[in-house]
Amino acid sequence: MAMPFEFATAARILFGEGKVREVPAAAATMGRRALVVTGASPERAAPLVAGLEAAGVACLPWPVAGEPTVETVRRGNEYARAERCDLVIAIGGGSAIDAGKALAVMLANPGEPLDYLEVIGRGQPLKQASAPFIAIPTTSGTGSEVTRNAVLASPQHRVKASLRASSMLPKLAVVDPELTLGLPRAVTASTGLDALTQLIEPYVGLRSNPMTDLFCMEGIRRAAGALPRVWEDGGDRQARADMSWASLAGGLALANAGLGAVHGFAAPLGGMFPAPHGAICAALLPHVMEINIQALRARAPASPALGRYAEVARLLTGRSQATAEDSVRWTAEICKRLEIPPLRAYGVAEADIPTLVEKAAQASSMKGNPIELTPEELRQIVERG
Ligand SMILES: [Zn+2]
């Protein structure tokens, strides 16, 4: 065994088509009054809400439009307390899951989000265990259903910061591929490439471990086969199921082995520009891989990360002779095929690069990158992104 490691995840994971219908019975064992956090279209949660009410769980709806902010959570927390909620259920994309996760932990702890937020807040420990939380992703995805942090934006500080505690791991994660069948194409593409990023970064990163490696290798192989298929036909159930599994596998990996430079940039970019997290990661992925491999060849030719990039290439292409550089070619090609917009489509300009490079260099995800990148290399990544 290479190194000691810790592995933690949701208390229980249900995976498969139709599994969402098992939520009401499970929820009834956890609480009586559920704050139901959804994305901007709460009507999609109607069947779930009907099931919950029938199981004796009162539902208090809390729709969240866009990525959650400190203010979203502060107001939601006031509402949940006033309504005496004892359980939080989130059904939606990564934004709804993160909002729900934050609301569940705030329900059990006094004060407001800024008391506990990293970087921009007071960073106090969340001493009380989170209220019971059920996470039901409808994209694939962020893997947020199996991570222990919630990312909140602070428009006033122009950054994103996390609430983080082991107790924030959901009590139940329900990954039901049927929920992703109607996802719009652009969301399928950006969230799917975020899932792929979250499989590649932990695998090549400094904190990889034998257990997360298993999830990464299998996830990368599945995602490689399924990404072109969900793009061509959003109703392809086998491909949707493969992407749901890949997304879950990425969440399991990143929560226990960290990420890398793509996510190091995603934090400041997401804080400064109105771009969805998945779209940012997709735009950066091939460029980070290319610069990482170049830097490794130049400064750390004996690094095991180079062999890992070659393994990524074999998993992506299915060719046993594939080289590390083939992983870059494959990824660039899929981004083109899935019509991933460049960063400038979100207003990122030349003048923003110095600030972005400075902030990214300090991001926690950057510490997991297989090699420390120079400011010049970081600049090249954003320029190409
Ligand atoms: Zn991500």
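If you're wondering where the values come from, they're calculated on a predicted model, not measured in any experiment.

Reading the values: rules and limits
Residues numbered from 1 in each chain as written. Predicted model: local features only at pLDDT ≥ 70, side-chain atom pairs only at ≥ 80, totals over all residues. Heavy atoms only, no water. Disulfide = S-S within 2.5 Å. Buried < 20%, exposed > 50% of the residue type's maximum accessible area, 1.4 Å probe, protein only. Donors = N, O, S within 2.8 Å, 3.2 Å for Na, K, Ca; no water. Tetrahedral: all angles 85-135°; square planar, octahedral: opposite > 155°, others 65-115°. Helix = DSSP H or I, 4+ residues; strand = E, 2+ residues; numbered from the N terminus. Axes fitted to C-alpha atoms, helices over the stretch in contact; angles between N-to-C directions. Parallel < 35°, antiparallel > 145°, perpendicular 65-115°, else oblique. Left-handed = near helix turned anticlockwise from the far one by under 90°. Contact = heavy atoms within 4.5 Å. Nonpolar A, V, L, I, M, F, W, Y, C, P; charged D, E, K, R; others polar. Pairing = 2+ DSSP bridges. Phe/Tyr/Trp six-rings, centres within 6.5 Å; stacked < 30°, edge-to-face > 60°. Lys NZ or Arg CZ within 6 Å of the ring centre and 35° of its normal. Right-handed = clockwise from strand over helix to strand, strands pointing away. Expected span 1.5 Å × (residues − 1). Lys, Arg positive; Asp, Glu negative; His and termini not counted. Salt bridge = Lys/Arg side-chain N within 4 Å of Asp/Glu carboxyl O. Polar contact = N/O pair within 3.5 Å; in protein donor to acceptor, adjacent residues only side chain to side chain.

(A) Looking closely at the state of the cysteines. Tallied over the full model, the rule gives zero disulfides. Looking at the unpaired C216, the closest cysteine sulfur is the one in C281, lying at 15 Å. We classify C216 as buried; its relative accessible area is 0%. The thiol sulfur of C335 is not disulfide-bonded, and the nearest other cysteine sulfur, from C281, lies at 11 Å.

(B) Region of the structure containing the coordination of the zinc ion. The protein atoms that coordinate the zinc ion are D194 (OD), Q198 (OE1), H263 (NE2) and H277 (NE2), at distances of 2.0 to 2.1 Å. Coordination at the zinc ion comes from four donor atoms whose angles at the metal span 94 to 140 degrees, giving a geometry best classed as irregular. In terms of primary sequence, the donors binding the zinc ion are separated according to D-x3-Q-x64-H-x13-H. Taken together, the residues span a long stretch of sequence, with Q198 in helix α5 (residues 185-204) and H263 in helix α8 (residues 261-272) at a distance of 65 residues. As far as burial versus exposure is concerned, Q198 and H263 are alike and both buried.

(C) Highlighting the packing of helix α12 (residues 353-362) against helix α13 (residues 375-384). Packing of α12 against α13 brings their axes to within 9 Å, and their N-to-C directions diverge by 120 degrees. By the criterion of interaxial angle, the relationship of α12 to α13 is oblique. For the crossing formed where α12 meets α13, the hand is right-handed. Residues I353, L356, V357 and A361 of α12 pack against P375, L378, R379, V382 and E383 of α13. Its residues placed into classes, the contact of α12 with α13 shows seven nonpolar, no polar and two charged.

(D) A look at the environment of A153. Along the chain, A153 falls in strand β6 (residues 149-154). A153 sits in the buried class, given a relative accessible area of 15%. Beyond its immediate stretch of four places on either side in the chain, A153 contacts P68, T69, V70, V159 and K160.

(E) Local environment of the sheet that holds strand β4 (residues 87-92). Reading across from one edge, β1-β8-β5-β4-β2-β3 is the order of the six strands in this open sheet, with parallel pairing throughout. The strands lining the two open edges of the sheet, one partner per strand, are β1 (13-15) and β3 (58-63). Taken over all neighbouring pairs, the strand axes of this sheet differ in orientation by 15 degrees on average, direction set aside. With five bridges joining them, strand β2 (residues 33-38) and β4 adopt parallel strand pairing. Counterpart to V37 in the pairing with β4 is A90. The sheet contacts of helix α2 (residues 46-54) involve β2, β3, β4 and β5 (133-137), and relative to β3 the element is tilted by about 155 degrees.

(F) Fine view of the packing of aromatic side chains. One pass over the full model with this rule turns up three aromatic pairs. Judged by centre distance (5.1 Å) and plane angle (25 degrees), the rings of W62 and Y79 are stacked. Of this pair, W62 sits in strand β3 while Y79 is found in helix α3 (residues 70-82), placing the two residues 17 residues apart along the sequence. Owing to a relative accessible area of 23%, Y79 belongs among the partly exposed residues under this scheme. Following the ring pairs from residue to residue traces out a cluster consisting of F7, F215 and W245. When the ring centre of Y203 is taken as origin, the NZ or CZ atom of R308, which lies over that ring, is 4.6 Å away.

(G) View of the environment of R344. Relative to the assigned elements, R344 resides in the loop between α11 (324-337) and α12. Here the alpha-carbon distance between R344 and S144, two residues 200 residues apart in the chain, equals 27 Å.

(H) Geometry of the pairing of β6. Burial of β6 is extensive: five of the six residues sit out of reach of the surface. In this sheet, strand β7 (residues 159-164) lies alongside β6 in antiparallel orientation, the contact comprising six bridges. Paired with A150 across the strands is L163, a residue of β7. Where β6 hands over to β7, the hairpin turn is made up of four residues, of which R158 adopts a positive phi near 55 degrees.

(I) Broad picture of the pairing of β4. Burial runs high along β4: six of the six residues are buried. Across the two faces of β4 the burial is the same, with L87, I89 and I91 and V88, A90 and G92 all buried. Direction of pairing for β4 relative to β5: parallel, over a ladder of five bridges. Its bridge partner being in β5, V88 is matched across the sheet by F133. In this fold, β4 hands off to helix α4 (residues 94-108), which returns the chain to β5; that crossover is right-handed.

(J) The arrangement of α11 in detail. Here α11 contains 14 residues, and its C-alpha end-to-end distance of 21 Å stays within 8% of the 20 Å for a straight helix at 1.5 Å per residue. On the buried face of α11, the contacting elements are α5, α6 (210-232), α9 (277-299) and α10 (304-317). Directly after α11, the chain includes E339, whose backbone phi takes a positive value near 55 degrees.

(K) Broad picture of the side chain of D352. When you line up the elements, D352 lands in the loop between α11 and α12. As a buried residue without a salt bridge, D352 has its nearest oppositely charged side chain in R158, at a separation of 5.8 Å. At 2.9 Å, the side chain of D352 forms a polar contact with the backbone nitrogen of A349. D352 has contacts with F273 and G347, leaving out every residue within four places of it along the chain.

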